[in-house]
Amino acid sequence: VGREGGLREVVWAVVGAAIPLGLLMAYHAHAFGNPWSTGYHSAATGAFAAKHAQGLLGLVGPSWSSFSTQLLNPGAGLVWWAPGMLLGMVGLGWMGLRGPNELTRRRGMTLLAVVLVGILVVVSLNFEGGWRVGPRYLVFVLPCMVPGLFYGLEHERRGVFLCAWGLCVGLGAVPNVLAGTLWPHLDLTHVGNPVGEVLLPLLQDGAEPYGPLGLAGVRRGTTWLSLLGAAAMLLM
């Protein structure tokens, strides 16, 4: 892709972004009286309004507390709930440093920079995000890591990468499947380790989700079937 092709892509990207942005600004003007006002400026709950009033809608600057919450905390950190995506960053690093051509290397470094900037923005928040499963504020950077995953699986050391990928995805699948079937909105304010304090006790107590099997009269084993299904998908 030459300079002209790259410029054309940027123009089309700007045009594509301008359409939903214009609609969003029109909605803000109608709902809040100003295209630059958002729902965060009109929060009805005092605690929410106070948090969003600080900095830029709650962005106040990076802190260790926020970094730990979004990446390292077993309650909702990326390392615990989506460890496989971290390998995407490794793959992007390989792309940027060892890519077969200049275009691949440039794309790898660009995507890695986007991911790091996205993480920097998220760890600048002065709030953790309330009830949720996993680091929901980091979802928007996860697609940028996917090319790194594919590059790692095609790398000359793909055997090692594949083993690490399988291990990480397996570790992340267990808490996500349990949360998806047993208790999908975790209260991180009062629970430090939701897997050990909430999900595993529910599993041991025989808790089951509502679903087609329950309607068919199967009252036990739905969660275990979900775990086995996730394991089978990983092995395929």
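Residues numbered from 1 in each chain as written. Predicted model: local features only at pLDDT ≥ 70, side-chain atom pairs only at ≥ 80, totals over all residues. Heavy atoms only, no water.

Some points on a nonpolar patch on the surface
Thought 1: Residues Leu7, Val10, Val11, Trp12, Val14, Val15, Ile19 and Leu23 make up a contiguous nonpolar surface patch of about 840 Å² in total accessible area.
Thought 2: For leucine 7, a relative accessible area of 55% translates into the label exposed. (Patch = residues over 30% accessible without salt bridge, like charges linked within 9 Å, V, L, I, M, F, W, Y side chains within 5 Å. Areas by Shrake-Rupley, 256 points an atom, 1.4 Å probe, with all protein chains shown as cover. Salt bridge = Lys/Arg side-chain N within 4 Å of Asp/Glu carboxyl O. Buried < 20%, exposed > 50% of the residue type's maximum accessible area, 1.4 Å probe, protein only.)

A look at the packing of aromatic side chains
Each aromatic ring pair is characterised by the separation of its centres together with the angle its planes make.
Thought 1: Evaluation of the coordinates by the stated rule reveals three aromatic pairs.
Thought 2: Each ring, one from tryptophan 94 and one from phenylalanine 161, has its centre 5.7 Å from the other, and the planes form 45°; the classification is tilted. Taken together, the residues tryptophan 94 in helix H5 (residues 83–98) and phenylalanine 161 in helix H8 (residues 158–182) connect sequence positions 67 residues apart.
Thought 3: Accessibility expressed as a relative area gives 4% for phenylalanine 161, which makes it buried.
Thought 4: Sitting over the ring of tyrosine 137, arginine 136 keeps its end group 4.6 Å from the ring centre. (Phe/Tyr/Trp six-rings, centres within 6.5 Å; stacked < 30°, edge-to-face > 60°. Helix = DSSP H or I, 4+ residues; strand = E, 2+ residues; numbered from the N terminus. Lys NZ or Arg CZ within 6 Å of the ring centre and 35° of its normal.)

Remarks on the environment of phenylalanine 127
Thought 1: Relative to the helices and strands, phenylalanine 127 is located in the loop between helix H6 (102–122) and helix H7 (142–154).
Thought 2: A relative accessible area of 13% places phenylalanine 127 in the buried class.
Thought 3: With 67 residues separating them along the chain, phenylalanine 127 and valine 60 place their C-alpha atoms 9.9 Å apart.
Thought 4: The contacts of phenylalanine 127, once residues within four sequence positions are left out, are Lys51, His52, Leu57, Gly58, Gln70 and Tyr137. (Contact = heavy atoms within 4.5 Å.)

Quick notes on the nonpolar core
Thought 1: The biggest cluster of nonpolar side chains holds 23 residues, and the ones touching the most others in it are Met89, Val115, Ile119, Leu138 and Met145.
Thought 2: The set of elements that each furnish at least two residues to this core consists of H5, H6, H7 and H8.
Thought 3: Among the elements that line this core, the one with the most residues is H5, at five residues.
Thought 4: Grouped together as the second largest cluster of nonpolar side chains are 11 residues, Trp81, Leu182, Leu188 and Val198 included. (Core = buried A, V, L, I, M, F, W, Y, C linked by side-chain atoms within 4.5 Å.)

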